[in-house]
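Okay, here's what each chain looks like letter by letter:
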Amino acid sequence: MAESVIKPPKKQLGPVAWMRMHLFSSWYNTLLTLIVGYLLVTSVGPVLNWLLLDADFKGSDPSDCTGAGACWLFINQRLNFFIYGFYPNELQWRIDVMFALLALSFVPQFIENFPGRKWLGIFGMTGLPVVGYVLIPGGSFGLEAVDSAKWGGLTLTLIIAYIGIIASLPIGILLALGRRSDMPIIRGLCVVFIEVWRAVPLITVLFMASVMLPLFLPEGMNFEKLMRALIGITLWQSAYMAEVIRGGLQAIPRGQYEAADALGLGYWKKTGLIILPQALKMVIPGIVNTFIALFKDTTLVLIIGLFDILGTVQSTITDPAWQNVAVEGYVFVAFCFWVFCFGISRYSQKLERKLDTGHKS
Amino acid sequence: MMGNPMTETTRTPDSQQNSESRSEPKVDIIRVEGMHKWYGDFHVLKDLNLTVKQGERIVICGPSGSGKSTFIRCINRLEEHQQGKIVVDDVELTDDVRQIDTVRREVGMVFQHFNLFPHLTVLENCCLSPIWVRKIPRKEAEASAMEYLERVKIPDQANKYPGQLSGGQQQRVAIARALCMKPKIMLFDEPTSALDPEMIKEVLDVMVELAKSGMTMICVTHEMGFAKTVADRVIFMDGGEIVEEAPPQEFFSNPREPRTQKFLEQILHN
Ligand SMILES: Nc1ncnc2c1ncn2[C@@H]1O[C@H](COP(=O)(O)OP(=O)(O)OP(=O)(O)O)[C@@H](O)[C@H]1O
Ligand SMILES: [Mg+2]
């Protein structure tokens, strides 16, 4: 056997050949290479200097920021506030537990063959919110209650984004299925719901949730501001989610429905075992895109007086004790968002590759 | 090793059923009476009447658009009929969802384009319905599925995905998937017409074997060789009507209706 095996030819290029092919293949490519190269050389140096080489990391107060670069000391000093908001110091372990559980659920998803990683993922989607619901507000199981007005910083950002994501997916699925239902009443309701929520900007939803909703609610029934914002964000997000998922449902060939029908699978089994797994897989990029958009849109809660990570940073950079730390603050916020969004994006790519079963048609 | 399950008639569950029924007088397992169907205003099926006895093999042929697919799809209610009566295994097809489900459990269907579930392996495709509809324990369902995969001669592909198989292999998986529900009736809608010529035979062989085992079969097909060797009756449809119905020898050697004659001429000349 061995002598008849022919390997596919390898494409190999030396560095000079590679450069000629990819960077200097024509006069305008050469020109572009030179321009981009010039910009890189002139900008990377100063940026690097500011970020790291000339930056101050150590010290205890603003006067220690003497270098020409960034004053990371500022972030360092206020990190507790940026992460936990006004959550009492002695109770912050509860949030730390949540961070640990969050990491435990999702970091293994990137590690091939991690024992029980599927169950950890399922815990992350179902058990984690329950634990959080007990732990973060407290007030039960002998835990001291912490008013939601004290939640803030990265914690609040993650709570809003996480609940928005976890809750909007199932609601979105139901709405998408409803919109394709044979029953006119269900279909009509879903269409109206989706079209109404999708046509409203998130800012409006948040204002409505915080200002107008209390006016409509009966006396005595009053959710906290955060709860109202969460409901608003979730419903708004699920309208978007529904349309993304509907795109996937529409792409499933009719033969799949017929084969499932012919095998005697009822509506819910057909939907849950055959249609949804394929439809969701198809729209993973769209779903993740909506997740990432929501993750960043959570910063809008600033306008109804909730202090998410951007809110906490914003309120600190105006502190007169610290001078000119706005850029550092915003870079820090951008970096935090980037870490999470990039993580979500990488995970979705992994998932797509894993679910690829070689079916092309 | 249990040997070829096709020949060991007492082992396979559906042949057991058949050997029981062989001692009884043959029952009418499908009855279609005065059935009409419309798509909007378009009258697709006109006054169809057909009785199929248990164990009978029927081949339906006819020109494109004559309503063959629509007809057999009415038998497991993938399409709804608007007038007349369809009774399958003593259950009448009405709007009642439970009755439809009962009928679908007893009727297997094989499609022109296989319609395998691409996100499930071959074995999972076969086990899905036995587990979720028949509520058979997974272990048992898998064992039985492997038996059927052996019958269609692809047990070695059990853990592949449909996208990794050839057309002929996919169609054989589709047949195994339908058989795993242990149906009393099998419907085939042009099972070989999407296949390359060299794959047609492997699928037809499986169908011939199935016919020998005593399965009640209704096949829409233009494979006249198959019709000649296997069919008890050949039905010719045109324009939504059953034009002619005869045993294969008579149908091919001595067709009565001019429309049948014309159709056969066209087919046999190609
Ligand atoms: N969903 C539908 N809506 C409207 N008309 C339809 C629909 N499905 C089929 N038809 C029409 O009904 C007629 C019968 O179609 P059918 O698919 O049963 O034909 P067929 O005999 O199976 O043809 P073929 O050999 O090409 O498969 C055709 O004229 C077709 O255009
Ligand atoms: Mg057809």
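Cut-offs and rules
Residues numbered from 1 in each chain as written. Chains lettered and ligands numbered in written order. Predicted model: local features only at pLDDT ≥ 70, side-chain atom pairs only at ≥ 80, totals over all residues. Heavy atoms only, no water. Helix = DSSP H or I, 4+ residues; strand = E, 2+ residues; numbered from the N terminus. Buried < 20%, exposed > 50% of the residue type's maximum accessible area, 1.4 Å probe, protein only. Contact = heavy atoms within 4.5 Å. Areas by Shrake-Rupley, 256 points an atom, 1.4 Å probe, with all protein chains shown as cover. Lys, Arg positive; Asp, Glu negative; His and termini not counted. Charge placed at Lys NZ, Arg CZ, Asp CG, Glu CD. Salt bridge = Lys/Arg side-chain N within 4 Å of Asp/Glu carboxyl O. Near = heavy atom within 4 Å. Polar contact = N/O pair within 3.5 Å; in protein donor to acceptor, adjacent residues only side chain to side chain. Nonpolar A, V, L, I, M, F, W, Y, C, P; charged D, E, K, R; others polar. Pairing = 2+ DSSP bridges. Axes fitted to C-alpha atoms, helices over the stretch in contact; angles between N-to-C directions.

(A) Up close: the overall build of chain A. Scanning chain A for helices and strands turns up 14 helices and zero strands. Listed N to C, the secondary structure of chain A is α-α-α-α-α-α-α-α-α-α-α-α-α-α in terms of helices and strands. Dimensions of chain A along its principal axes, counting C-alpha atoms only, are 80 × 75 × 40 Å. The buried share among the 361 residues of chain A stands at 39%. Of all intrachain contacts in chain A linking residues separated by at least 6 positions in sequence, the fraction that spans at least 24 positions is 64%. Of the roughly 20,600 Å² of accessible surface on chain A, 69% is carried by carbon and sulfur atoms. Distance between charge centroids for chain A: 13 Å, based on 27 positive and 23 negative side chains.

(B) Examining the pattern of salt bridges more closely. Residues and elements named next belong to chain B. Within this structure, the stated rule accounts for 24 salt bridges over all chains. A salt bridge links Arg-172 to Glu-202; the shortest N-O distance between them is 2.9 Å. Residue Arg-172 is found in helix α6 (residues 167-179), and its partner Glu-202 is found in helix α7 (residues 197-212); the two are separated by 30 residues along the sequence. For Glu-202, a relative accessible area of 26% corresponds to the partly exposed category. Its salt-bridge partner being Glu-241, residue Arg-259 comes within 3.6 Å of it at the nearest N-O pair.

(C) Structural detail: the site of ligand 1. Residues and elements named next belong to chain B. Around ligand 1 sit Tyr-39, Phe-42, Val-44, Pro-63, Ser-64, Gly-65, Ser-66, Gly-67, Lys-68, Ser-69, Thr-70 and Glu-190, and that is every residue in its neighbourhood. Residue Lys-68 places a side-chain N or O atom 2.8 Å away from an oxygen atom belonging to ligand 1. In this structure, an oxygen atom belonging to ligand 1 sits 2.4 Å away from a side-chain N or O atom of Thr-70. In isolation ligand 1 has 640 Å² of accessible area, and contact with the protein removes 61% of it. Residues belonging to the shell around ligand 1 are distributed by class as follows: four nonpolar, six polar and two charged.

(D) Quick look at the side chain of Glu-244 of chain B. Residue and element names in this part refer to chain B. Looking at the secondary structure, you find Glu-244 in strand β10 (residues 241-246). By relative accessible area, which is 2% here, Glu-244 ends up buried. In terms of polar contacts, Glu-244 uses its side chain to reach the backbone amide nitrogen of Glu-257, at 3.0 Å.

(E) Main features of the sheet that holds strand β1 (residues 28-39) of chain B. Residues and elements named next belong to chain B. Across the sheet, which stays open at both edges, the four strands sit in the order β2-β1-β4-β5 with antiparallel pairing between neighbours. Only two strands of the sheet have a single partner each, and these edge strands are β2 (42-53) and β5 (91-92). Here five bridges tie β1 to strand β4 (residues 83-88), and the two strands are oriented antiparallel to one another. Paired with Val-32 across the bridge in β4 is Ile-86. In the packing of helix α2 (residues 68-75) onto the sheet, contacts are made with β1, β2 and β4, and the angle to β1 comes to roughly 125°.

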